[in-house]
Amino acid sequence: MNDMNSSKIFGKDLIYTYYSNLGPTKSKEIMIRNNTDLFKIIFTTQTDEFHKFLPNINKIIDSFQIGTTKLD
């Protein structure tokens, strides 16, 4: 598990490979915690396509903003 710092969001990411009904599969899990909540994002694809899509996935993750909203 690696530390990550994306768009001022601190968290952990984990990349692993396993065999599924898709064949060889690779996943990236991102876990982000703010004061009270834990967010988990999972990106999974066939191993040979993982690096093809990873730059776009990273851009999407970089665009996330976690804030607080008070609902009345």
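Rules used in this analysis
- Residues numbered from 1 in each chain as written.
- Predicted model: local features only at pLDDT ≥ 70, side-chain atom pairs only at ≥ 80, totals over all residues.
- Heavy atoms only, no water.
- Helix = DSSP H or I, 4+ residues; strand = E, 2+ residues; numbered from the N terminus.
- Buried < 20%, exposed > 50% of the residue type's maximum accessible area, 1.4 Å probe, protein only.
- Contact = heavy atoms within 4.5 Å.
- Areas by Shrake-Rupley, 256 points an atom, 1.4 Å probe, with all protein chains shown as cover.
- Salt bridge = Lys/Arg side-chain N within 4 Å of Asp/Glu carboxyl O.

**Comments concerning the overall build of the protein chain**
Looking only at helices and strands, one finds one helix and four strands in the protein chain. The order of helices and strands in the protein chain, counted from the N terminus, is β-β-β-β-α. Each of the 72 residues in the protein chain was classed as buried or not, and the buried ones make up 29%. A separation of at least 24 residues holds for 24% of the contacts in the protein chain among residues at least 6 apart in sequence. When the accessible surface of the protein chain is split by element, carbon and sulfur atoms take 53% of a total near 5600 Å².

**Observations regarding the pattern of salt bridges**
Opposite charge on two side chains permits them to pair, given that their charged atoms come into close proximity. Summed over the entire model, instances satisfying the criterion amount to two salt bridges. The shortest N-O distance in the salt bridge between Lys40 and Glu29 comes to 3.1 Å. Highlighted residues: Lys40 in strand β4 (residues 38-46) and Glu29 in strand β3 (residues 23-33), separated in sequence by 11 residues.

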